[in-house]
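# Observations on the model geometry
Chain by chain, the residues:
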Amino acid sequence: MSIDSPSALSRGIDQRLAGNTLLVTLLGTAAICTVLVATTATVTLKGQRSSTDNRAAVEAQYAAESALARAASQLDRAGGHLKGLTLTSGTQLSTVLVQLGTLCGAPAALALPANLLTLPKAGQDLCIATKSAVADSAERFAFFANNTVRPSTFTEGQWKMYWKDLFMGGDAKLVKAAAGNAGASAAGALNTEVTGGLTLESVRVYPGGTMRIFFSTTRLNATSEVKSGTRVLAAREYTDGGISSHYIELSQPSFAQYQYFVNRRLSPTGSRLVFWDGDRFEGRVHANGTPGESAPLFYAQSQTGGPRFLGKYTSSPAFEWSDSSPNKAVSMDDMFKGGYAFNAQPVDLPTNANNQRLAAAGIEPGACVGGVTLTATTACLGAKLGASSVVQSGVYYTAAQNGTVNGGNRFAGGIYVKGDVSNLKLSKNGEYQVIEITQGTLITQFRQTGPTTWEVRENGTLRKTMTNSPFNGMLFVDGKVGTPDPRGSAGLTGDGTDAPDIAAESQLTIAASSDVYIKDDATYSQGPQENPNAKNVLGIFSEGGNIKVNGQSGKDITVDATLMASARGKGFGTVDYDEGRGNPQPKIRITGGIIEEQSQGVGTTSRLEAKYETVRVCTRYDWRGQCTRSRDEQRFVGYEEVPGAGYSRNFKWDPRFDAGFAPPFFPTQGQFEARASFTKLSAPKGFRAVASE
């Protein structure tokens, strides 16, 4: 066929067009496949990254929440250490003030204010703490380190650093953890931190010398971050808790905390005394004593018998049954419902009342040159109240002015009496207190007319009106109060009626260097049974004598007070406790406590006495049946109850003393005690997420 033939040319062109079309189709298909592969790879990579990020976010969340829980646990562990804070026996006030000064960041020891005895109830700051800084020495917090139990895993230096770090406030790091890849399942490096801790605020002192160390907890802030190289995969931040204030209270416990305290459990004649069936104590009891000589004995008539102690019982000697006890298998837990501790440390009674003397004159303990000896105390009293106060009987109540006793217009502190007092009468003037002191023929009356306003009268004549004059509640008699004979003739008394004698706001301690005789009722306006928060309180303390009830025969006596006689061989009892005081036997009712060196006897229990009558009995008859010989014989006719001698007892506890409440300037044990205001330091509240990415 010729090349010039039209049909041949047409066929060649068609073949070339078909080849080009196929090539384009193939190229297009390849391009589409490439796009599909690239898209699939991108989606896969994004999915993998999203999965990693999600896992990182969950890990960060769990880590932050777990760290918050660990931080709260660490705070509570620190709180446990603080609640167990104990000052070594024998620690002096001066040492405590040095340590607290260092704790506050003060340049020197803290100083108690001159008006310590008359401070307002709200107290006064001794220091405002400086903020703890990284540059602070760990020695600043030695008070906590030295007075808490150091775990065995800490060295002494580490324990001090523990407290320093804890008191960095919001800058403290309670939890700090960093870790690299933990394996294929970990998203990346995990870093967790929780900041928050304690902030020291101040040290504050209250009337009588109780001190409180105030501090606060800060909000806990947890952060957690997961990183891959420099890239942050996830971060979480949570907060919990809040700022709350707490304190540690330092005080020297008052002997008023005991319903019954005895140094030697002996009768006035020296025989050992027993806790019997029926004896019941609701408050705390402590006994010292020598085993086999002056330690308490216990008696139980039956398996369910024995005394009952509802408050804690402590004793320096071991438990000892009375030889005459019919049953010696009574459960200790049944007898000692409030818990017990035998072979405990003995508690020493005070050896003098010099602090009470000084308080009556408004003089701080430690302010006298020469210490708290009687010589130094007497010199201080003379300088404050006037020279005659140390030698001449009288009632002294203001600071001397230009040598004139009682020349001031305000109470020096309380009331100091030189010499014996025949009668000391407590009564009320409406809602206010009246105190009347009789020495010889002179009756000095202090009549309160307002919260800080008093009139002073002598034999009824107004001598002085004192305004803006707070009375610190201390009345000291350098002598005895009342007499033992005749019965009910002289001593401490209320107003002689059934009306209350101690005003609702009155807080009094009456102390004497010698015997105190109670001749009549002395009762509260508001008793603890009616008002658990009642403020009125009375303490009676004899430095060198007994406290004895000496009421009229046949009359019950009611005393709302805690009573203490600390000298060797002295204690609480009644005058002529072994002689009858009427039928029925009168009763002593005491709401409060008794602290004594040795019991003085209250009374004996009633008893059944056999009664007989004399009858004439014929011994011979004649043949007519007539009696020719007879004699007198005693015939039993029955039993008659004979009242016991002295007084019967009805002693009740004042539960306010369980919480540290006490009469003003009542003797303390001389040992510092620490008490925490909290049960735990963590306070989960306000949990929230702050940030996340």
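First, a word on what this report is: a plain description of the structure on this page. (Residues numbered from 1 in each chain as written. Predicted model: local features only at pLDDT ≥ 70, side-chain atom pairs only at ≥ 80, totals over all residues. Heavy atoms only, no water.)

## Here we look at the overall build of the chain
This is how it is decided: Think of it this way: any DSSP run of H or I at least four residues long counts as a helix, any run of E at least two long counts as a strand, and we number them from the N terminus. Buried, partly exposed and exposed residues are distinguished by accessible area as a fraction of the type maximum, computed with a 1.4 Å probe on protein chains only: under 20%, between the cut-offs, and over 50%, respectively. By the convention used here, residues are in contact when the closest approach between their heavy atoms is within 4.5 Å. All accessible areas in this document rest on Shrake-Rupley with a 1.4 Å probe, and a residue is counted as covered only by the protein chains that are shown.
Within the chain one finds 7 helices and 37 strands. Counting the 693 residues in the chain, one finds 46% classified as buried. In the chain, once contacts between residues fewer than 6 apart in sequence are set aside, the share between residues at least 24 apart is 70%. As presented, the chain carries roughly 33,300 Å² of accessible surface, and 51% of it is formed by carbon and sulfur atoms.

## A word on the environment of Arg77
You can see Arg77 is positioned in helix 1 (residues 6-83). Placed 604 residues apart in sequence, Arg77 and Leu681 show a C-alpha to C-alpha distance of 8.6 Å.

## A short note on the state of the cysteines
Note on terminology: a disulfide is the covalent bond linking the sulfur atoms of two cysteines. Which entries qualify depends on this criterion: Criterion for a disulfide: a pair of cysteine sulfur atoms within 2.5 Å.
Across all of its chains, the model carries 3 disulfides by this definition. Sulfur-sulfur distance for the disulfide between Cys104 and Cys127 comes to 1.8 Å. The chirality of the disulfide connecting Cys104 with Cys127 is right-handed, given an S-S dihedral of about 50°. Here the residue Cys104 occupies a position in helix 2 (residues 93-104), and Cys127 occupies one in strand 1 (residues 124-128), the gap between them amounting to 23 residues.

## As for the layout of surface pockets
In plain terms, the rule: We place a 1 Å grid over just the protein atoms. Points where a 1.4 Å probe fits but has no way out form a cavity, open points with protein on both sides within 12 Å along at least 5 of 7 lines form a pocket, and any residue with an atom within 4 Å of a point lines it. Grid points are joined across faces, edges and corners, and a volume is the space filled by probe spheres set on the points.
Quantified by volume, the second largest pocket comes out at close to 970 Å³. In terms of lining residues, the second largest pocket is bounded by 35 residues, among which Arg265, Asp279, Val602, Gly603 and Arg649 are the most central.

## Looking at the packing of aromatic side chains
Operational definition: The pairing test for Phe, Tyr and Trp rings, Trp by its six-membered ring, is centres within 6.5 Å, and the orientation test on the planes gives stacked under 30 degrees, edge-to-face over 60, and tilted for anything in between.
Under the defined criterion, the tally for this structure stands at 47 aromatic pairs. The interplanar angle of 85° and the centroid separation of 5.7 Å between the aromatic rings of Phe275 and Phe281 together place this pair among those described as edge-to-face. Just as Phe275 is buried, Phe281 falls in that class too. Geometrically, the ring pair formed by Phe319 and Trp321 is edge-to-face, given 5.1 Å between the ring centres and 85° between the ring planes. The partly exposed category is assigned to Phe319, whose relative accessible area is 21%.

## Digging into the environment of Phe342
Within the secondary structure, Phe342 is located in the loop between strand 16 (340-341) and helix 6 (354-360). Overall, the relative accessible area of 16% leaves Phe342 in the buried class. Between the alpha carbons of Phe342 and Ser316 there is a distance of 5.9 Å; along the sequence they are 26 residues apart. Beyond its immediate chain neighbours, meaning those up to four positions away, Phe342 contacts Tyr313, Ser315, Pro317, Ala318, Phe319, Met332 and Phe336.

## Concerning the sheet that holds strand 5 (residues 211-217)
Formally: A pair of strands is considered paired only if DSSP assigns at least 2 bridges between the two. To obtain an axis, a line is fitted to C-alpha atoms, over the contacting stretch when the element is a helix, and the angle between two such axes runs from 0 to 180 degrees between their N-to-C directions.
Within the open sheet, the 5 strands sit side by side as 1-4-5-8-36. Their pairing is antiparallel. If you trace the sheet from one side to the other, it starts and ends with strand 1 and strand 36 (673-676), each paired once. Pairwise comparison of adjacent strand axes, ignoring direction, gives a mean angle of 25° for this sheet. Where strand 1 lies against strand 4 (residues 198-205), 4 bridges are found, and the strand directions are antiparallel. Of the residues in strand 4, the one forming a bridge with Ile128 is Ser202.

## Re the side chain of Ser316
Along the chain, Ser316 falls in the loop between strand 15 (313-315) and helix 5 (332-335). Given a relative accessible area of 18%, Ser316 falls into the buried group. Once you skip the residues sitting within four places of it in the chain, Ser316 turns out to touch His286, Ala287, Asn288, Gly289, Asn343, Ala344, Gln345 and Pro346.

## A word on the pattern of salt bridges
We apply this condition: Salt-bridge detection follows one rule: a side-chain nitrogen of Lys or Arg within 4 Å of a carboxyl oxygen of Asp or Glu.
Counted under the stated rule, the structure contains 21 salt bridges. Here Glu156 and Lys160 are joined by a salt bridge, their closest N and O atoms 3.8 Å apart. Here Glu156 pairs with Lys160, and both are found in helix 4 (residues 156-166), just 4 residues apart, close to one helical turn. Where Asp334 meets Lys337, a salt bridge forms, and the shortest distance between an N and an O atom there is 3.9 Å. Here Asp334 falls in the partly exposed class, since its relative accessible area comes to 32%. Three or more residues joined by partner-sharing salt bridges are found here, namely Glu139, Glu156 and Lys160.

## Considering unusual backbone geometry
Of note, the amide linkage connecting Asn583 to Pro584 takes the cis form, showing an omega dihedral of 10°. Note that Pro584 resides in the loop between strand 31 (572-574) and strand 32 (587-598). Positive phi is not limited to glycine here, since Asn402 has a value of about 55°. Among the structural elements, Asn402 can be located in the loop between strand 17 (394-396) and strand 18 (415-418).

## Thoughts on the pairing of strand 21 (residues 442-450)
As judged from the 6 bridges shared by strand 20 (residues 432-439) and strand 21, these two strands associate in the antiparallel manner. Across the sheet, Val434 pairs through a bridge with Arg447, a residue of strand 21. Connecting strand 20 to the antiparallel partner strand 21 that follows it, the hairpin turn spans 2 residues, and Gly440 within it adopts a positive phi of roughly 60°. Pairing of strand 21 with strand 22 (residues 453-458), which is carried by 6 bridges, proceeds in the antiparallel orientation. By the bridge assignment for strand 22, Thr444 is matched with Glu458.

## Notes on helix 7 (residues 374-385)
Note the cut-off: A helix is expected to reach a length of 1.5 Å times the quantity of its residues less one.
With 12 residues, helix 7 should cover 16 Å at 1.5 Å per step; its first-to-last C-alpha distance of 16 Å lies within 8% of that length. Considered for burial, the residues of helix 7 that qualify are Ala376, Thr377, Cys380, Leu381, Gly382 and Leu385. For helix 7, the elements touching its buried residues are helix 6, strand 17 and strand 18.

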